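# Topology and contacts: notes
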Amino acid sequence: MTKKIGVVTGGGDCPGLNAVIRAVAKAARGHGWESVGILGGFEGLLTPRNTIPLDYRALDGLLTRGGTILGTANRGRFSAKVGHGDSRALPTELMEEVKQGMNALGLHALISIGGDGSLSIAQQMFEHGIPVVGVPKTIDNDLQGTLMTFGFDSAVACATDALDRLHSTAESHNRVMVLEVMGRYAGWIALFAGVAGGADVILIPEIPFTYESICAKIQEREKQGKRFTLVIVAEGAKPKDGAMVARREQQKDREARLGGIGDVVTAELEQRTGKECRNCVLGHLQRGGIPTAFDRALCSIFGAEAVELVARGEFGKMVAYQGSHIASIDIKEAVGSLKTVNPKGSLATTARALGICMGD
Ligand code: F6P
């Protein structure tokens with residue numbers, strides 16, 4: 001009987017998911033295996049099972065297509081992260097249902113494409129004896145063990161483009177323009193895009209900020225005849241004596257929804273400096289659209305390598321980009337704690353060397 005592998009996408013979408021699905025299906029074909037897409041996240045494995053065959057025609061155009069043709073979910077019975085990233089153990093009965101689903105579908109392995117939440121689910125599945133392999137996805141780039149997750153480069157490109165556009169309007173109106181970007185508890189998107197897009201101030205969760213420091217930077221620029229300032233703020237950034245801003249009341253069995261710090265910073269800077277300030281929230285634009293060339297290549301490598309892990313029977317592992325090579329690490333190493341920005345690391349140090357205010 002032909003071997004069959006399942007592919008599932010979980011958590012928030014991001015550019016490159018379809019490129020991984022394509023790479024998995026093509027590489028699996030090279031082994032003579034069939035592949036099946038699980039629809040709607042892990043729920044698709046449960047009765048009344050929802051899947052599509054990933055045959056040759058199903059892969060048309062997937063390399064560049066945004067989102068995920070399989071659909072995804074970051075809520076419901078499979079949410080393994082709640083509140084501010086707290087882990088939740090999934091019921092044993094649910095794991096048994098997953099096993100039954102895999103048997104019923106004739107799957108000999110599952111490839112789970114996801115971030116911290118979905119890979120925490122994959123880890124729990126592995127501990128329950130389910131043959132699963134992980135592929136690291138998230139625009140936040142906050143998974144341990146991999147220098148980069150796919151989707152991050154595309155999100156940085158989007159945020160950098162936004163900064164480029166804000167630059168000219170800020171300059172024309174002599175304004176302070178604030179750009180709020182995603183990233184949850186990590187400042188990777190803000191830091192990379194801030195440096196790439198020439199921001200004057202970069203605020204990230206790892207470096208609590210003071211308004212005095214930001215205002216001093218704005219005043220310094222005014223003295224130099226630069227009557228506008230570009231500020232990029234990560235959604236998880238917070239003042240030294242304050243807390244993170246969440247969008248709304250915490251919902252049961254869901255992760256906290258961050259966002260709103262851009263508005264807070266903008267209002268405070270306007271009041272303190274007397275300058276016109278405007279806020280722009282980039283939001284889900286960072287997650288949509290076509291993946292960058294780097295992400296397409298990374299997704300292709302990740303997908304093909306994940307299939308090789310299945311072929312070698314290395315379950316409970318995740319493919320990881322380590323600069324010079326693609327490695328495999330235990331999924332549990334990737335999800336134990338978040339990979340956040342080192343405030344003394346090379347990019348933060350470079351930002352300071354270029355005169356960028358890091359808010360402290
Ligand atoms: O984890 C990816 C991410 O886009 C975060 O940067 C952001 O905080 C969150 O997901 C938004 O989630 P949702 O799409 O559920 O609003």
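Structural notes, computed from the coordinates. No experiment lies behind these values; they were computed from the predicted model shown.

Each value, and the rule that gives it
- Within each chain, residues carry numbers counting from 1 in the order of the written sequence.
- Selection of residues for local features in this predicted model requires a pLDDT of at least 70, selection of side-chain atom pairs for listing and counting requires 80 or more, and totals for whole chains, interfaces and linings are taken over all residues.
- Only hydrogens and water are removed before side-chain values are computed, so all heavy atoms of the structure are retained for them.
- Orientation is described by lines fitted to C-alpha atoms, with helices fitted over the stretch in contact, and by angles between N-to-C directions that extend from 0 to 180 degrees.
- A run of H or I in DSSP becomes a helix once it reaches four residues, and a run of E becomes a strand once it reaches two; helices and strands are each numbered from the N terminus.
- Here roughly perpendicular refers to angles of 65 to 115 degrees, roughly parallel to angles under 35, roughly antiparallel to angles over 145, and oblique to all remaining angles.
- Here a crossing is taken to be left-handed if its near helix is turned anticlockwise relative to the far helix by less than a right angle, and right-handed if that turn runs clockwise.
- Any two residues whose heavy atoms approach within 4.5 Å are treated as being in contact.
- Three classes are used: nonpolar for Ala, Val, Leu, Ile, Met, Phe, Trp, Tyr, Cys and Pro, charged for Asp, Glu, Lys and Arg, and polar for all others, with Gly counted as polar.
- When we say a residue is near a molecule or strand, we mean one of its heavy atoms is within 4 Å of it.
- Each polar contact in these results corresponds to two N or O atoms within 3.5 Å; when the atoms are within protein, one needs to be able to donate a hydrogen and the other to accept it, and residues that are neighboring in sequence are counted only if both atoms are side-chain atoms.
- Using the Shrake-Rupley algorithm and a 1.4 Å probe, accessible areas are obtained, with residue cover drawn only from the displayed protein chains.
- Two strands are counted as paired when DSSP detects at least two bridges linking them.
- Here, nonpolar core means buried Ala, Val, Leu, Ile, Met, Phe, Trp, Tyr and Cys residues that are tied together by side-chain atoms lying within 4.5 Å of each other.
- For every residue, the accessible area obtained with a 1.4 Å probe (protein chains only) is divided by the maximum for its type, and the residue is called buried under 20%, exposed over 50%, and partly exposed between those limits.

Remark: helix α5 (residues 188-196) packs on helix α10 (residues 346-353), axes separated minimally by 10 Å, with the N-to-C direction vectors making an angle of 40°. Here α5 is positioned oblique relative to α10, judged by the angle of their axes. In terms of crossing hand, the pair formed by α5 and α10 is left-handed. Seen from α5, the contacting residues are L191, F192 and V195; seen from α10, they are L347, A348 and A351. When its residues are assigned to classes, the contact of α5 with α10 shows six nonpolar, no polar and no charged.

The next thing to look at is the site of the ligand. Around the ligand sit N74, I139, D140, M182, G183, R184, E235, R254, R257, H284 and R287, and those are all the residues in its vicinity. A distance of 2.5 Å separates an oxygen atom of the ligand from a polar atom in the side chain of E235. A distance of 2.8 Å separates an oxygen atom of the ligand from a polar atom in the side chain of R287. Considered on its own, the ligand offers 400 Å² of accessible surface; in the complex 84% of this is hidden by protein. A per-class count over the shell around the ligand returns two nonpolar, three polar and six charged.

Another point: the sheet that holds strand β9 (residues 201-203). The strand order across the open sheet built from four strands is β9-β10-β8-β11, with neighbouring strands paired in parallel fashion. The sheet terminates laterally at β9 and β11 (277-281), the two strands that pair on one side only. Strand-to-strand, the axes of this sheet are offset by a mean angle of 15°, without reference to chain direction. Where strand β8 (residues 176-181) meets strand β10 (residues 229-234), six bridges bridge the pair, whose relative direction is parallel.

Here we take up the side chain of S213. Inspection of the secondary structure puts S213 in helix α6 (residues 211-223). Here S213 is in contact with C357, G359 and D360, once residues within four sequence places are set aside.

This part covers the nonpolar core. Counting 67 residues, the largest nonpolar core has I5, I111, I113, V135, F150, I202 and I232 as the members making the most contacts within it. The leading source of residues in this core is helix α4 (residues 152-173), at nine residues. Core analysis: the second largest hydrophobic core is formed by 29 residues, L45, M95, M102 and L119 among them.

Here the focus is the packing of α4 against α5. For the pair α4 and α5, the least separation of the axes is 8 Å and the interaxial angle reads 50°. Our classification of the angle between α4 and α5 gives oblique. Judged by the twist between their axes, the crossing of α4 over α5 is right-handed. Within the contact between the two elements, α4 uses F152, A155, V156, A159, T160 and L163 and α5 uses W188, I189, F192, A193, G194 and A196. In terms of residue class, the contact of α4 with α5 is built from 10 nonpolar, two polar and no charged.

Before going further, it helps to examine the pairing of strand β12 (residues 317-321). β12 sits mainly inside the fold: four of its five residues count as buried. Across five bridges, the pairing between β12 and strand β13 (residues 326-330) is antiparallel. Bridge pairing in β13 links Y321 to I326. Following β12, the chain reverses through four residues before pairing antiparallel with β13; G323 in that reversal takes a positive phi of roughly 85°.

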